[in-house]
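Listed here are the chains, written in short residue letters.
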Amino acid sequence: MAQARISAKASEGAQQPQQPQQQQQSGGQLRGRFYRSTSMADRSSRLLENLDQLELRVEAFRDAASAMEQEKEILLEMIHNIQNSQDMRHISEGEREELNLTANRLMGRTLTVEVSVETIRNAQQQESLLHATKMIDEIVNKLLDDLEDAKMRLMSLYGACTSDVPAGPIDQKFQSVVIGCAIEDQKKIKRRLETLLRNLENSEKSITLLEHQKASVRQSCNSKQD
C-alpha cells in the first residue's frame with residue numbers, strides 16, 4: 001500500500017510541470033498571431049507592387065492592340081489606293097484583272113483580323129464623340145458636290161485637333177466638341193481626318209493627271225488636223 005501511495009505521488013509530481021508548458025505553448029500561439037498581424041503590411045505592399053506591374057503590362061497591351069488597329073487601317077488604305085491608282089488604268093485588261101484579284105485577296109485576309117480596343121467613356125464623352133462624328137460625316141457626304149470646299153472644311157477640322165500651328169482657319173466649334181471627347185477618341189478622330197485628307201490629295205492628283213492626259217490627247221489631235 002505504501003509503495004502504491006509513493007507511486008501515485010510520483011505520478012502527480014510528474015504531471016504538474018506540464019501546466020507551465022501548456023501556458024508557454026499558448027503564449028507562443030499568441031506571439032505567432034501577433035507576428036502574422038505585423039506582416040500584413042508587407043503582404044499588402046507586395047500585392048500592390050504586383051498590381052502596379054500588371055497595370056503597366058495592361059497599358060502596354062492596350063497600346064499594342066491600338067497599334068494593330070492602326071496597322072489594319074493603313075493596310076486597307078494602301079490596298080485601296082493601289083486598286084484606284086493611275087498605274088492600274090494604264091496596264092492591260094488581263095494584268096489589271098489579275099492584280100485586282102490579288103488585291104482583293106489581301107484585303108479579305110486583312111479583314112479577317114479583328115482588333116478592337118474599347119474606350120471607357122462617361123455620358124458627356126459619348127455625346128461629344130457622336131457630335132464630332134456627325135460633323136465629319138456631314139462633310140464627307142457632300143464630297144462629290146464640292147470637292148474643294150469639302151477639303152477646306154476638313155482641313156479646318158483637322159486644325160482643331162492638332163497642337164501644331166495650322167495652315168488655315170480652325171473650326172472653333174469642332175474644337176470645343178473634340179475637347180469633350182475621351183483622349184483615345186481624340187486620337188482616332190485625328191487619324192480619321194488625316195486619312196480623309198490623304199485620300200482627297202490622292203484623288204486630286206488622279207484628277208489632275210487625268211486632265212493633263214486629256215489635254216495632251218486633244219493637243220495631239222489638233223496637231224494632226226493641222
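As the structure is a prediction and not an experimental result, all values here were calculated from the model.

Enquirer: Account for the side chain of aspartate 185, with residues named and values stated.
Expert: As for its position among the elements, aspartate 185 is in helix 9 (residues 183–225). On the basis of relative accessible area, aspartate 185 is assigned to the buried category, the value being 2%. Once residues lying within four places of it in the same chain are set aside, the contact partners of aspartate 185 are Thr119, Arg121 and Leu129.

Enquirer: Describe the UniProt feature "coiled-coil region" (unreviewed entry) in the protein, with residues and values.
Expert: The feature "coiled-coil region" (unreviewed entry), as annotated in UniProt, sits at residues 44–71 and 183–213 in this numbering. Spanning residues 44–71, this segment combines 100% helix with 0% strand, and its end C-alpha atoms are found 40 Å apart.

Enquirer: Would you mind going over a negative patch on the surface in detail, with residue names and values included?
Expert: A cluster of acidic side chains, namely Glu49, Asp52, Glu55, Glu59 and Asp63, defines a negative patch on the protein surface. Tracing the backbone shows glutamate 59 in helix 3 (residues 40–83). For glutamate 59, a relative accessible area of 41% puts it in the partly exposed group.

Enquirer: Would you mind going over the packing of helix 6 (residues 123–140) against helix 8 (residues 172–179) in detail, with residue names and values included?
Expert: Contact pair helix 6 / helix 8: the axes reach a minimum separation of 8 Å and the direction vectors enclose 145°. Crossing of helix 6 against helix 8: the hand is left-handed. Contacts between helix 6 and helix 8 involve Ser128, His131, Ala132, Met135 and Ile136 from the former and Lys173, Phe174 and Val177 from the latter. Here the residues of the contact of helix 6 with helix 8 are counted per class, giving five nonpolar, two polar and one charged.

Enquirer: Explain helix 8 residue by residue, including any values.
Expert: Every buried residue of helix 8 is listed here: Phe174, Val177 and Val178. Across the axial projection of helix 8, the buried residues extend over an arc of 95°, all falling on one side. Every exposed residue of helix 8 that faces more than 90 degrees away from the buried side is listed here: Gln172 and Ile179. For helix 8, the side-chain oxygen to backbone nitrogen distance between the N-cap and lysine 173 is 3.2 Å, and the N-cap itself is aspartate 171.

Enquirer: Summarise the side chain of serine 128; cite the residues concerned and give the values.
Expert: Inspection of the secondary structure assignment puts serine 128 in helix 6. Exposure remark for serine 128: the relative accessible area of 12% places this residue in the buried category. Ignoring any residue separated from it by four or fewer positions in sequence, one finds serine 128 in contact with Val177, Gly180 and Cys181.

Criteria and thresholds
- Residues numbered from 1 in each chain as written.
- Predicted model: local features only at pLDDT ≥ 70, side-chain atom pairs only at ≥ 80, totals over all residues.
- Heavy atoms only, no water.
- Helix = DSSP H or I, 4+ residues; strand = E, 2+ residues; numbered from the N terminus.
- Buried < 20%, exposed > 50% of the residue type's maximum accessible area, 1.4 Å probe, protein only.
- Contact = heavy atoms within 4.5 Å.
- UniProt positions renumbered as here; feature names shortened; annotations may be inferred.
- Patch = residues over 30% accessible without salt bridge, like charges linked within 9 Å, V, L, I, M, F, W, Y side chains within 5 Å.
- Areas by Shrake-Rupley, 256 points an atom, 1.4 Å probe, with all protein chains shown as cover.
- Salt bridge = Lys/Arg side-chain N within 4 Å of Asp/Glu carboxyl O.
- Lys, Arg positive; Asp, Glu negative; His and termini not counted.
- Charge placed at Lys NZ, Arg CZ, Asp CG, Glu CD.
- Axes fitted to C-alpha atoms, helices over the stretch in contact; angles between N-to-C directions.
- Left-handed = near helix turned anticlockwise from the far one by under 90°.
- Nonpolar A, V, L, I, M, F, W, Y, C, P; charged D, E, K, R; others polar.
- Arc of directions from axis to C-beta.
- Polar contact = N/O pair within 3.5 Å; in protein donor to acceptor, adjacent residues only side chain to side chain.

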